[in-house]
Amino acid sequence: MKKKFLALALALTLALSLAACGGKDAPAQDGAPNTPEVNTPEAGTPEGGDANPADPGGSPSESQKDVDLAAFYATLLSENEWPELMSLTEDETSAELLDAYYPGLSALSTKQLGVYIAAISAAVGEIALVETESEEDAAKAAEIFQARIDYQVGDDTNPGGAWYPETIEGWKNNSRIVSHGNYVMLAVGDNADAAVEAFEALFA
């Protein structure tokens, strides 16, 4: 009887000790100590935010910025004096004029396009703004803008399209082309430099 009691007591003791040991963490498989996993933001990533895959610095690149060119044009007119300008892109009735003044521009894949020319041919003033689908088309737009300047100024064998000597000089000295990513602007007139400064500020 004593042997059975002793055996039962030993069995109970063994069972209790095994149950107590079962609450401990099992050792790591690779022998490394268990350390809590901490999520820390990567370099250049704002706390709690995701990095921009196109820009490891976390800030949008210039081609990703969303610039409203129509609103920018309205700002240019309000901040500086320009001759009276008429739109070649407001409706389809001006499509032929656009193709005549800017051959190839309408064939580009564009997201935004605004071309505004002086209502009076003797006035020096023109603004063309475009956002293209690709940087390749942006480069083509810049070439088309330059071709417009070259045509207006003319050369020794061909008179300038601007016709009047003062107007030709205005196109020659006050024409500016500037681009950022897929955005390109041509500004012609006394306030062309101010327009370039305002355009640059959009991407600062």
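Quick notes on the rules
Residues numbered from 1 in each chain as written. Predicted model: local features only at pLDDT ≥ 70, side-chain atom pairs only at ≥ 80, totals over all residues. Heavy atoms only, no water. Helix = DSSP H or I, 4+ residues; strand = E, 2+ residues; numbered from the N terminus. Buried < 20%, exposed > 50% of the residue type's maximum accessible area, 1.4 Å probe, protein only. Contact = heavy atoms within 4.5 Å. Areas by Shrake-Rupley, 256 points an atom, 1.4 Å probe, with all protein chains shown as cover. Pairing = 2+ DSSP bridges. Axes fitted to C-alpha atoms, helices over the stretch in contact; angles between N-to-C directions.

Some words on the overall build of the protein
Consideration 1: When you go through the protein residue by residue, the secondary structure sums to six helices and five strands.
Consideration 2: Helices and strands appear in the protein in the N-to-C order α-α-β-α-β-β-α-α-β-β-α.
Consideration 3: The burial tally for the protein puts 31% of its 204 residues in the buried class.
Consideration 4: Sequence separation of at least 24 residues holds for 55% of the intrachain contacts in the protein that already meet a minimum separation of 6.
Consideration 5: Summing over all exposed atoms, the protein offers an accessible surface of approximately 13,400 Å²; the carbon and sulfur share of this is 54%.

Remarks on the sheet that holds strand β2 (residues 110-118)
Strand pairing in a sheet takes place through backbone hydrogen bonds and is either antiparallel or parallel in direction.
Consideration 1: Ordered by their spatial adjacency, five strands build an open sheet running β1-β2-β3-β5-β4, and the pairing between neighbours is antiparallel. This sheet does not close on itself; its edge strands, each paired only once, are β1 (85-87) and β4 (175-180). Neighbour-to-neighbour, the strand axes of this sheet turn through a mean angle of 15°, independent of strand direction.
Consideration 2: Both β1 and β2 contribute to a ladder of three bridges, which runs antiparallel. Paired with Leu-85 across the two strands is Ala-118, which belongs to β2.
Consideration 3: Docked against the sheet, helix α5 (residues 165-173) engages β3 (126-132), β4 and β5 (183-188), running at close to 30° with respect to β4.

Structural notes on the environment of Gly-125
Consideration 1: As for its position among the elements, Gly-125 is in the loop between β2 and β3.
Consideration 2: Relative accessible area serves as the criterion here: at 2%, Gly-125 is assigned to the buried category.
Consideration 3: In the structure, Gly-125 is positioned 66 residues away from Asn-191 in sequence and 8.9 Å away in space, judged by C-alpha atoms.
Consideration 4: Apart from the residues lying within four places of it in its own chain, the contact partners of Gly-125 are Pro-83, Leu-85, Ile-117, Ala-118 and Val-188.

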